[in-house]
Each structure stands twice: as structure tokens, then as C-alpha cells.
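Structural overview for review
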Amino acid sequence: MKRQLLTLIILLAGTAIYAKQYPDSVCAASDAEYRIEQGLNIDISGGFGFGGFGFTPMFGHRPADAHTTNTGVFPLWNGAIGINYYFLPWLGVGTGAQLSNYANKSSVAGDWNYSATDVQGDNYTFTAKPVGIEEKQEIYMLEIPLNLRFRAIKRNVGFHGALGVKFGVPVMDYYRSSGGTIQNQVYYPDFDLLLDKNIPGVLENITVDATQQKITGLSKFNYGAYVEIGMLFRLHQRIDLMLAVAGTYYVNDVMKGATANPLGFNVPSLPTDYYPSPFTSAYNGVLSSSEVQQLHPWNLMLKLGLSINAGKTRAKHAYDDPEWAAREAARETKRAAKNASAAPEPVAEPQRPTAEEIEAARVAEAEAQAAKAAEEARIAEEKRQVEEARVAEEKRKAEEASKAAAEETKRIEEQRDAEAITRTRVTAYKLNSRELSEESKTELNHAAQVLTRHPNWTIEVRGHCCDLGTERANNKIGLERANEAKKYLVKQGVDESRITTTSMGSTQPLVPNDSPEHRAQNRRVEIVINK
């Protein structure tokens, strides 16, 4: 947004320079101009565009895990009337009134995870996912601009611009919240057991019943920067069609302060075997968070309207204008030169040549023939040299193309082999196992064949685990899986010094660890070529 405002300010500066050079005028006749000298100007316009508050607050049961996401800003509309006073033909001041709206919507998002032990001593992971819980803010605002204005029009087309401040008074505002569901599930890693059904009295989804809850009177007086730039198309001596792009950014916060939000949920009666305390505490919504002090309305919109010039005017004869006189003199000079070139030249009386003139003409003709022959010989020699150079250049290009084709073929083969190594993925590990399956050995055999073709390549074998188990145990089993793959590659003829091993533990899952099948895919070994 700041970059857009800087661009508009630069354009406004250019408009002011152009305006000073070409004051407001329109050609009313072939030898006269009609000029708006100074006085009042009235703009009536309307427009549409995009705008909002532009914020992403963090909130929820557990601020470290839960957050909201902006789901988008809404189209805004604007209707305005402006009153301007031009104390120079190209420079003035303006104010007015316009009615605009701003809006922003956010959704509670993110999965909340918690690991605990039930009353029987079994470990489990509790996951809560919010669905359909939304909050929306909207303001209808009466805006009053105070700005410096520029205008310039020459021969019915021109520019205009404005730069200043804008004050916003809330006319009507509201805050709405809509309820949804918090879907819960429990996973026992020791038994590979997932409970994700709504089981009354045991494992229940939480219904957040806050449909269309509404709070009003949250907004306050705003002030900010305003910029506008556009074009003028003269429809009449006093009426212009106005097309412009305008932007507003309010500096201060839009909300009065933190206010409790009826979007809250608290279910302390749920069984504590599965529901730890962080998931039964109350939630009061975005208006109770510190982020409420970071809401700054902004917009960028397209305006269309009429500009009515009610100021003092003056008619000026074009022949009093030095520029017009210079243009007329240039056109007159051009017409005289054209007439002079079209006049026929007088025909001279033919005279009989003397003997000396005839002999001189013959000698000149012979010299001309000799010079022509020498010139033709020179041109032929140049063509021969050019042809030889062309043939040599084509031969050189052919050799370079052949060499480039060979290098490209080699590069493609190396890239194909590198992609084959990167695609090597050893899976089918059982939980806490590092034993290679027959399918894994087939993958490693292919990798060994590729590495044999490229003896200068070095690789890193990385071992991965699913999220079951402690970080220390996962790092250990990941390294053991990588070492087993390395031993097999060495057995297939790959130099041991070319191979390093690393354990990634459970930090880089291939797919989400949300089912036994996905966890099996994450227990794997991958090969990376060192650059």
C-alpha cells in the first residue's frame, strides 16, 4: 500500500508541472480559446474498488497454536460531492463529503494438538479443529477530505489530481460473529487407534452457538492520507467527464478498544479423560485480543463523475497568442515553398556542339567505361570474399552447434540420472525397524547403477520417521535406517567415502501423520546429491 501511495504522489507532482504549463482551456472556435480563469468548481462522482482493515490477529484457546486467517476484503462503494476553489487556473483547494463502506472477515483456523495420559496410564494425542467459526467487521463512514488540487486541459483532454487528508466519521458499524463446530479426535500411538467419531459422553464435538451475534458502536473518528489522479474529457465549455483512481489510508485505529465478544464457548462438563483443560476454557473472540488496536481502514478505488466549472471565464483570440502566430507563419512558408517548386522552368534554345566538345565527350565516355569495369571487378572480388567468409562462418556455427548438442545430451543424461537418484525412496519400514525390504533393495540397486556412471558424485542418505515415539528415539532409528541403506550401496560397489548419512527424525514428514497408512509412508530413506 505504501508503494502505491508513493507512485500516486510522483504522478501528482508530474500533473502539477503539466498543469502549470497548460492551464485550463478549450478550443471554442478556429481563432479563439475559452479559458476557465478561477473560482468555484463542483465534482459529483461515484465509484467502487477494494478496501478493508488489513489485519491478521492471533487468538484462540492456546495462542501458541490457534490463529485466524483473513478470508478476504470486500468490494467497497463510494458516492461523493466535492466543492473546490481554484485561486489559479491550474491550482486550488477542495473539500466535500462522501459516504463509503469498509469491511473485513476472519475465520478461526488451525488444528490444536495436545498430548496427555489417560487414567489408565495410556498415552494419547488430542486434536481439536474449528470449522465455520467466523467474525466480520463492517463500517459505513461519512468522509470529509481537505486537499490541494491540480488541473490541466488542452484541446479537450487533460489531467487532474488531488493530495491531502481525509477525516472519517462512523455513521453505522457492527461486529458480527457466526458459530460453528470444533471437531475433536483422539489417537493412541501405542495401539495405532484413532477415535474420530462423535461419541456422546465419551468423545464429543463442541458446537459453538453464536449465529449472527452482533455488537454495534465499536468504531471511532478516523483521520488519514488521501490521494487522487485521473483524466478530464471536456463535454462542454463548463462540464468535464472525470475518470480517476483514488486511495485512502487511515492512520489511527478504527476500534474504540477491547470488548468482550459473545462468540464464546466453555464446556467444563466434558470427561477429563480425553479433554485436557486448555480445550475447556472460555474463548472470547478477536475483540478481546490486543490485535484490536491494529485495525486501520484503507481503500483503492475507481471514480467516475462530472466536474462542473462555475468560475470566472475569459475568451482569448488565437491571433493574439504568439504560439498561434508562429504556427501560422510556418504554414505560410511551407505553402510558398511548395508553389515555387511546382512552377515550370524556361526551356533553353538547343546549340550544336563543337569538334573539341565532341572529342572531350568521347574521352569522358571511355574513362567512364574503364572506371565502370574496374568498379565491377572490385565488387566481384568483394562478393567472393564475402562468400568465403559466409561459408567459413556457417562451418564454425555447425561445429559449435554439434558441440552444444553433445553437451546438451550429456547434461540431459546427467539431469535424468540426478532425478532418478532424488526419486529413490526406501519405504515399507515397520515401526522401530531398519530392515530393508526386497522392494527397497530394488530401489537401491538402481541407485547404485546410476552412481557407478557418475564416480564424481557424492550423496547424503537421510533417514526419516513418523511422529510416533520421542524425538531422541526417532533420531536414533532414522540414523540406523540411513546406515543400513549405506551398507547396501557399498556392497553394490559404491565407494564408501562418497556416502554420508543423516537422521531427520520426524521433522520432515512426506504426508501428514494423521493415519497409519500415512505414518508408514513417512518411515522412509531418501537420497540427496551433494552440490
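About the thresholds
Residues numbered from 1 in each chain as written. Predicted model: local features only at pLDDT ≥ 70, side-chain atom pairs only at ≥ 80, totals over all residues. Heavy atoms only, no water. Helix = DSSP H or I, 4+ residues; strand = E, 2+ residues; numbered from the N terminus. Buried < 20%, exposed > 50% of the residue type's maximum accessible area, 1.4 Å probe, protein only. Contact = heavy atoms within 4.5 Å. Areas by Shrake-Rupley, 256 points an atom, 1.4 Å probe, with all protein chains shown as cover. Phe/Tyr/Trp six-rings, centres within 6.5 Å; stacked < 30°, edge-to-face > 60°. Lys NZ or Arg CZ within 6 Å of the ring centre and 35° of its normal. Salt bridge = Lys/Arg side-chain N within 4 Å of Asp/Glu carboxyl O. Pairing = 2+ DSSP bridges. Axes fitted to C-alpha atoms, helices over the stretch in contact; angles between N-to-C directions. Parallel < 35°, antiparallel > 145°, perpendicular 65-115°, else oblique. Left-handed = near helix turned anticlockwise from the far one by under 90°. Nonpolar A, V, L, I, M, F, W, Y, C, P; charged D, E, K, R; others polar. Core = buried A, V, L, I, M, F, W, Y, C linked by side-chain atoms within 4.5 Å. Expected span 1.5 Å × (residues − 1). pLDDT = per-residue confidence, 0-100.

The next point concerns the overall build of the protein. Each helix and strand in the protein was counted, giving six helices and 20 strands. By the burial criterion, 37% of the 531 residues in the protein qualify as buried. Within the protein, residue pairs in contact and separated by at least 24 positions form 78% of the contacts whose partners lie at least 6 positions apart. Roughly 29900 Å² of accessible area belongs to the protein as shown, and the carbon and sulfur atoms make up 57% of that amount.

With that settled, the discussion passes to the packing of aromatic side chains. Within this structure, the stated rule accounts for three aromatic pairs. Relative to Tyr188, the ring of Tyr124 lies with its centre 5.9 Å away and its plane at 45 degrees, an arrangement referred to as tilted. With Tyr124 in strand 6 (residues 123-131) and Tyr188 in strand 9 (residues 180-188), the pair connects residues that are 64 residues apart, well separated along the chain. Across the pair, Tyr188 and Tyr124 agree in class, each one buried. Ring geometry for Tyr188 and Phe191: centres 6.2 Å apart, planes at 50 degrees, overall tilted. Taken together, the ring pairs in this structure connect Tyr124, Tyr188 and Phe191 into an aromatic cluster. Cation over ring: Arg151 sits above Tyr86, and NZ or CZ is 3.8 Å from the ring centre. Sitting above the plane of the Tyr187 ring, Arg519 keeps its charged end 3.9 Å from the centroid.

Further remarks concern unusual backbone geometry. If you check the backbone angles, Asp192 has positive phi at about 50 degrees while not being a glycine. Counting through the fold element by element, Asp192 comes out in the loop between strand 9 and strand 10 (193-195).

Counted by the stated rule, this structure contains 24 salt bridges. Glu400 is the salt-bridge partner of Arg396, the closest N and O atoms lying 2.4 Å from each other. One end of the pair is Arg396 and the other is Glu400, both in helix 3 (residues 355-423) and four residues apart, which spans about a single turn. Residue Arg396 is classed as partly exposed on the basis of its relative accessible area, which comes to 34%. The partly exposed category is assigned to Glu400, whose relative accessible area is 44%. Here Asp467 and Arg519 are joined by a salt bridge, their closest N and O atoms 2.9 Å apart. Here Asp467, found in the loop between strand 18 (459-464) and helix 5 (471-491), pairs with Arg519, found in helix 6 (residues 516-522); they are 52 residues apart in sequence, far enough to count as distant.

Bridge count between strand 6 and strand 9: seven bridges; the pairing is antiparallel. Of the residues in strand 9, the one forming a bridge with Val131 is Thr181. Pairing of strand 9 with strand 11 (residues 206-208), which is carried by three bridges, proceeds in the antiparallel orientation. Within the sheet, the bridge partner assigned to Ile182 lies in strand 11 and is Ile206. Direction of pairing for strand 9 relative to strand 10: antiparallel, over a ladder of three bridges.

Direction vectors running N to C along helix 4 (residues 438-453) and helix 5 enclose 55 degrees, while the axes themselves pass 10 Å from each other. With respect to helix 5, the axis of helix 4 lies oblique. In this structure, the crossing between helix 4 and helix 5 has a hand that is right-handed. Contacts from Lys441, Leu444, Asn445, Ala447 and Ala448 in helix 4 reach Ala485, Tyr488 and Leu489 in helix 5. Residues that form the contact of helix 4 with helix 5 fall into these classes: six nonpolar, one polar and one charged.

It is worth spelling out the nonpolar core at this point. One finds Ile421, Leu444, Trp457, Ile459, Val461, Leu489 and Ile527 to be the most contacted residues of the largest nonpolar core, which totals 22 residues. Those elements giving two or more residues to this core turn out to be helix 3, helix 4, strand 18, helix 5 and strand 20 (525-529). Apart from the residues within four sequence positions on either side, Ile421 is in contact with Ala447, Val450, Leu451, Trp457, Ile527 and Ile529. Core analysis: the second largest hydrophobic core is formed by 12 residues, Trp112, Tyr124, Ala128 and Ile206 among them.

For Thr216, the position within the fold is in strand 12 (residues 213-216). Setting aside residues up to four positions removed in sequence, Thr216 forms contacts with Asp173 and Tyr174.

Okay, the packing of helix 3 against helix 4 next. In the contact formed by helix 3 and helix 4, the axes pass within 10 Å of each other and the chain directions differ by 150 degrees. Our classification of the angle between helix 3 and helix 4 gives roughly antiparallel. Between helix 3 and helix 4 lies a crossing of left-handed hand. In this structure, helix 3 contributes Asp417, Ala420, Ile421 and Arg423 to the contact, and helix 4 contributes Glu443, His446, Ala447, Val450, Leu451 and Arg453. A per-class count over the contact of helix 3 with helix 4 returns five nonpolar, one polar and four charged.

Take the sheet that holds strand 17 (residues 425-426) next. Pairing is mixed across the open sheet formed by four strands, whose spatial order is 17-20-18-19. Lying at the two open borders of the sheet, with one neighbouring strand each, are strand 17 and strand 19 (499-505). Pairing of strand 18 with strand 20 involves five bridges; the strand directions are antiparallel. Residue pairing in the sheet places Val461 in a bridge with Ile527 of strand 20.

The next subject is helix 5. Each full turn of the α-helix corresponds to 3.6 residues, which orients residues three or four apart in the same direction. Along its 21 residues, helix 5 runs 31 Å from first to last C-alpha, staying within 8% of the 30 Å computed at 1.5 Å per residue. Buried residues in helix 5 make contact with helix 4, strand 18, strand 19 and strand 20.

The sheet contact formed by strand 5 (residues 112-117) and strand 6 spans six bridges and is antiparallel. Note on strand 6: the bridge partner recorded for Ser115 is Thr125. Following strand 5, the chain reverses through five residues before pairing antiparallel with strand 6; Gly121 in that reversal takes a positive phi of roughly 90 degrees.

Once that is clear, we can look at the confidence of the model for the protein. Here the protein averages 78 in pLDDT, while 74% of its residues score no lower than 70. Low pLDDT, under 50, characterises residues 55-72; the predicted model gives this stretch 67 contacts beyond four residues in sequence or across chains.

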